[in-house]
Amino acid sequence: MKRWQQSLYVCVLTMIGLAACSVEERDSRCPALIGGGRYCLQPSTAVTPFDARQKVEIRFRGRQETMIIEVEADAAGIRLVGLTPFGQTLLRLNDDNVKTTATLPHNSRLPAELMVALLQVALWPGDVLRDGLVSPMRLEEVYGQRRIVNRDKVAVTINYTGNQLPYRRIQMYIHSEDVEIDVETL
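Note that the structure is predicted; figures quoted are calculated from it, not measured.

### With respect to the environment of Trp124
Then, in step 1: Tracing the chain through its elements places Trp124 in the loop between helix 2 (112-123) and helix 3 (126-132).
Then, in step 2: Once the C-alpha coordinates of Trp124 and Leu165 are considered, the two residues, 41 residues apart in sequence, prove to be 8.9 Å apart.
Then, in step 3: Excluding residues that lie within four positions of it along the chain, Trp124 makes contacts with Tyr39, Gln42, Pro43, Ser44, Ala46, Val47, Phe50, Ala73, Ile78, Leu119, Leu129 and Arg146.
Then, in step 4: A polar contact of 3.3 Å, which involves the side chain of Trp124, links it to the backbone oxygen of Pro43.

Now the structure itself:
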């Protein structure tokens, strides 16, 4: 992989909270979400256990990058590994419902909890997600779509294809950063 491609991966992943190289631990269970507001992580017992391999395409500032995510969620917690399409590890994350640890680049300043928060915002049931949103954040949900709203401004829009976890396809748009994330379950 060329140096500029590696730099772009790190930049994009850092912008959305998905990153990858020195182990870091954080105490906060209520990270700030991109676009404002806070979300308090909810237990993994709130979802039916699942595991998936997914292709993630990230579009940011006119560029597109692809990575493969392997994610598992069960009563013990959430485990996630992000890989390049050629198998190079970009990130590792573990949340045991008490603390979150992640393998991050040495220059990453984003909490690992933000990665878990984005995963939960996309996948956790609406009632559980509402419990984690800190006012003035709120969830608007209709079949196949959810929106996280902060002070009457949409922060995140998520569209789904499929009717059960991990869904066949998830399209997430983070409005303040003009980031599109397209996730397809393989």
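The discussion continues.
### Comments concerning the nonpolar core
Then, in step 1: The biggest cluster of nonpolar side chains holds 48 residues, and the ones touching the most others in it are Tyr39, Val71, Leu123, Trp124, Ile148 and Ile158.
Then, in step 2: Ranked by residues supplied to this core, first place goes to helix 2 with ten residues.
Then, in step 3: Leave out the neighbours within four places in its chain, and Tyr39 touches Arg29, Cys30, Pro31, Leu33, Ala117, Gln120, Trp124, Leu129, Gly132 and Leu133.

### Some points on the confidence of the model for the protein chain
Then, in step 1: Per-residue confidence for the protein chain gives a mean pLDDT of 83; residues scoring 70 or more make up 82%.
Then, in step 2: For residues 1-8, every residue scores under 50 in pLDDT, and the model assigns this stretch eight contacts once sequence neighbours within four places are set aside.
Then, in step 3: With pLDDT under 50 throughout, residues 14-27 is counted as low confidence; its partners more than four residues away or in other chains account for 61 contacts.

### Topic: the packing of aromatic side chains
Then, in step 1: Per the counting criterion, the structure on display carries one aromatic pair.
Then, in step 2: Ring centres of Tyr160 and Tyr167 lie 4.7 Å apart, and the angle between their planes is 50°; this geometry places the pair in the tilted category. This pair shows no difference in class: Tyr160 is buried, exactly as Tyr167 is.

### Re the environment of Thr84
Then, in step 1: Within the secondary structure layout, Thr84 lies in the loop between strand 5 (77-83) and strand 6 (89-95).
Then, in step 2: Between the C-alpha atoms of Thr84 and Lys55, which are 29 residues apart in sequence, the distance is 9.8 Å.

### Some words on the state of the cysteines
Then, in step 1: In this structure the tally under the stated criterion is one disulfide.
Then, in step 2: The residue that forms a disulfide with Cys30 is Cys40, at a sulfur-sulfur distance of 2.0 Å. Looking down the S-S bond of the Cys30 and Cys40 bridge, the torsion is 105°, so its handedness is right-handed. Here the residue Cys30 occupies a position in the loop between strand 1 (22-26) and strand 2 (38-39), and Cys40 occupies one in the loop between strand 2 and strand 3 (50-60), the gap between them amounting to ten residues.
Then, in step 3: With a relative accessible area of 24%, Cys30 lands in the partly exposed category.
Then, in step 4: Note on Cys40: relative accessible area 19%, which makes it buried.

Thresholds applied
- Residues numbered from 1 in each chain as written.
- Predicted model: local features only at pLDDT ≥ 70, side-chain atom pairs only at ≥ 80, totals over all residues.
- Heavy atoms only, no water.
- Helix = DSSP H or I, 4+ residues; strand = E, 2+ residues; numbered from the N terminus.
- Contact = heavy atoms within 4.5 Å.
- Polar contact = N/O pair within 3.5 Å; in protein donor to acceptor, adjacent residues only side chain to side chain.
- Core = buried A, V, L, I, M, F, W, Y, C linked by side-chain atoms within 4.5 Å.
- Buried < 20%, exposed > 50% of the residue type's maximum accessible area, 1.4 Å probe, protein only.
- pLDDT = per-residue confidence, 0-100.
- Phe/Tyr/Trp six-rings, centres within 6.5 Å; stacked < 30°, edge-to-face > 60°.
- Disulfide = S-S within 2.5 Å.

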